[in-house]
Amino acid sequence: MAGKKTVESRFSQNGCAPFDEVSPGDVVLIKRAGDGIVAIAHVSCVHHLTRQGDWTVIRAQYQQQLCATDDAFWTDISEADYGSLIWFDRLTAIQSIECEKRDRRGWVVIKRATDQLPLEFE
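Note that the structure is predicted; figures quoted are calculated from it, not measured.

Calculation notes
Residues numbered from 1 in each chain as written. Predicted model: local features only at pLDDT ≥ 70, side-chain atom pairs only at ≥ 80, totals over all residues. Heavy atoms only, no water. Phe/Tyr/Trp six-rings, centres within 6.5 Å; stacked < 30°, edge-to-face > 60°. Helix = DSSP H or I, 4+ residues; strand = E, 2+ residues; numbered from the N terminus. Buried < 20%, exposed > 50% of the residue type's maximum accessible area, 1.4 Å probe, protein only. Polar contact = N/O pair within 3.5 Å; in protein donor to acceptor, adjacent residues only side chain to side chain. Contact = heavy atoms within 4.5 Å.

A. Structural detail: the packing of aromatic side chains. Considering all chains together, one arrives at six aromatic pairs under this definition. Where Y62 meets W87, the ring centres are 5.8 Å apart and the plane angle is 70°; that geometry is what we call edge-to-face. One end of the pair, Y62, is in helix α1 (residues 56–66); the other, W87, is in strand β4 (residues 82–97), with 25 residues separating them in the sequence. The two residues Y62 and W87 agree in class, both being buried. Their ring planes at 85° and their centres at 4.9 Å tell us that F73 and W74 sit as a pair that is edge-to-face. By relative accessible area, F73 is classed as partly exposed at 24%. For W74, a relative accessible area of 8% gives the class buried. An aromatic cluster is defined as three or more aromatic residues linked by ring pairs; in this entry it consists of F11, W55, F73 and W74.

As structure tokens, then:
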């Protein structure tokens with residue numbers, strides 16, 4: 001939201017969403033932990049990855065865009081077997097909308113891009 005992080009990432013051990021779930025053209029609602037939905041974004045590009053040894057190549061190529069230059073992030077995801085790198089070409093901040101999501105899933109698919117109506121951004 002501040003413009004520093006240009007690539008969003010999700011890593012997991014079991015290939016859960018957004019792995020193989022998010023696609024270019026998808027509209028993503030951005031929710032902060034413990035808060036409401038604070039932005040709407042449009043996905044322009046996605047790379048779904050499976051671990052080949054470790055994540056060293058991904059770290060070297062994307063750590064700046066991910067704002068993940070410290071070792072702690074890479075230690076946290078070291079056991080992950082799946083990853084998704086997501087680029088947004090449009091991001092619009094909105095007034096916080098309350099969201100009743102209470103589970104621990106970091107990514108929830110509501111509708112696929114093929115089922116969505118076109119969304120106009122200002």
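B. Broad picture of the side chain of E8. Tracing the backbone through its elements, the reader meets E8 in strand β1 (residues 8–12). Judged by relative accessible area, which is 18%, E8 ranks as buried. Only 3.2 Å separates the side chain of E8 from the side chain of K5, close enough to count as a polar contact. Only 2.4 Å separates the side chain of E8 from the side chain of R10, close enough to count as a polar contact. Excluding anything up to four places from it in sequence, E8 contacts L66, S84, L85, I86 and F88.

In short, the description is geometric, and any link to function would need to be established separately.
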